[in-house]
Amino acid sequence: VLLEKDFNRISNTPEWKQFIRNDWYTSAETSISEIEYYISLGRTVEAKEILNRLKIGYPEDQKLFYLESLILYVEGNYEKAMAILAPLVEAEPYNVDFLSLSAKTRFAAGNYSGAAKNYQDLMEIGYSDASLLLKLAECYKEVLDYDKAISYVEIYLSLYPSNTNALDLAGTVERASGDYAMALRYFSRCLDENSDKPNLFNDRADTYFMLKSWELAANDYGMALDLDPGNAQSWLN
């Protein structure tokens, strides 16, 4: 707004100066923003201090329960986070924030089926984020349902055929299922799109390794080491 030339016509008027001086946010809203900021930095101690003060004045505020579970998630205390989140999701089954955090927490805790259900619920309520397809694929890969996992990746690739993460995930799923030839196709497509990431060379090299194609594996491990010479596992392989 300040850089817009037409704004110059009102920027020095008393009406605008009065308008801009107004405090548009409550103290609670400001505190919530501070909590979210500290969480984003991983500074959970400061976030909890502000949260505990807020809970005195707003003991039943669901947003504060959500923030408490988010802090617990960041700290890796997934069991306690889910204990707080479960009733929130039950009370508001269409709340995107609650469902998203529940899915991430369940996945981190190893409850892949539960995470998949949350991601499917997000899709059913119309949450328009294509990355949900990849997250569902990761869930099904973890429960060894490779057909369902690859089907979600392929839907994503039909929308974004050059996406490196999706191609790499597809290769990983196919390799886990035992289809090494298809895995190599995906990894090669992935490297065609992005050849400056050592993990992509390592992924293809691991597949060659499983096929006992030693020279091809060694070449890819060598490429990975050119990009990341400190990777001990690549040297070992």
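Rules used throughout
- Residues numbered from 1 in each chain as written.
- Predicted model: local features only at pLDDT ≥ 70, side-chain atom pairs only at ≥ 80, totals over all residues.
- Heavy atoms only, no water.
- Helix = DSSP H or I, 4+ residues; strand = E, 2+ residues; numbered from the N terminus.
- Buried < 20%, exposed > 50% of the residue type's maximum accessible area, 1.4 Å probe, protein only.
- Contact = heavy atoms within 4.5 Å.
- Areas by Shrake-Rupley, 256 points an atom, 1.4 Å probe, with all protein chains shown as cover.
- Expected span 1.5 Å × (residues − 1).
- Polar contact = N/O pair within 3.5 Å; in protein donor to acceptor, adjacent residues only side chain to side chain.
- Salt bridge = Lys/Arg side-chain N within 4 Å of Asp/Glu carboxyl O.
- pLDDT = per-residue confidence, 0-100.
- Core = buried A, V, L, I, M, F, W, Y, C linked by side-chain atoms within 4.5 Å.

### Re the overall build of the chain
So, point 1. Tallying secondary structure elements over the chain gives 15 helices and 0 strands in all.
So, point 2. By its C-alpha atoms, the chain is 75 × 50 × 35 Å across when sized along the principal axes.
So, point 3. Per-residue burial over the chain gives 37% buried out of 237 residues.
So, point 4. The contacts of the chain with a sequence gap of at least 6 include a subset with a gap of at least 24, amounting to 41%.
So, point 5. Carbon together with sulfur atoms contributes 52% to the accessible area of the chain, which is approximately 14100 Å² in total.

### Considering helix α7 (residues 96-108)
So, point 1. Across its 13 residues, α7 extends 18 Å between first and last C-alpha, which sits within 8% of the 18 Å expected from 1.5 Å per residue.
So, point 2. Here α7 has its buried residues at Phe98, Leu99, Ser100, Leu101, Ser102, Ala103 and Thr105.
So, point 3. Considering only its buried residues, α7 is in contact with α5 (62-75), α6 (78-91) and α8 (112-124).
So, point 4. For α7, the N-terminal capping position is held by Asn95, with its side-chain oxygen 3.0 Å away from the main-chain nitrogen of Asp97.
So, point 5. Downstream of α7 by a residue or two, Gly110 has a phi angle that is positive, lying close to 90°.

### Here we look at the pattern of salt bridges
So, point 1. This structure, assessed with the given rule, holds 7 salt bridges.
So, point 2. Between Lys63 and Glu36 there is a salt bridge whose closest N-O contact spans 3.2 Å. With a gap of 27 residues between them, Lys63 in helix α5 and Glu36 in helix α3 (residues 27-40) connect regions that are remote in the sequence.
So, point 3. Between Asp121 and Lys117 there is a salt bridge; the shortest N-O distance is 3.0 Å. Of this pair, Asp121 and Lys117 are both found in helix α8, 4 residues apart, which corresponds to roughly one turn of the helix.
So, point 4. Classification of Lys117 by relative accessible area gives partly exposed; the value is 47%.

### Description of the confidence of the model for the chain
So, point 1. In this model, the chain carries a mean pLDDT of 93, and residues with pLDDT of at least 70 account for 100%.
So, point 2. Here helix α2 (residues 14-21) stands out as the least confident element of the chain, with mean pLDDT 82; helix α14 (residues 214-227) is the most confident, with 97.

### Focus: unusual backbone geometry
So, point 1. A positive phi is found at Leu144, a non-glycine position, where the angle reads about 70°.
So, point 2. Structurally, the position occupied by Leu144 is in the loop between α9 (131-142) and α10 (146-159).
So, point 3. Even without being glycine, Lys212 reaches a positive phi, approximately 60°.
So, point 4. Within the fold, Lys212 resides in the loop between α13 (198-210) and α14.
So, point 5. The class of Lys212 is exposed, set by a relative accessible area of 60%.

### Some points on the nonpolar core
So, point 1. With 50 residues, the main nonpolar core has Ile35, Ile39, Tyr66, Leu67, Tyr119, Val153 and Leu157 as its most contacted residues.
So, point 2. By residue number, the principal contributor to this core is α9, which donates 7 residues.
So, point 3. Contacts of Tyr119, omitting those with residues within four sequence positions, involve Ala103, Lys104, Leu132, Lys135, Leu136 and Cys139.
So, point 4. Counting residues in each nonpolar core, the second largest holds 5 residues, with Leu184, Tyr208, Ala217 and Tyr221 among its members.

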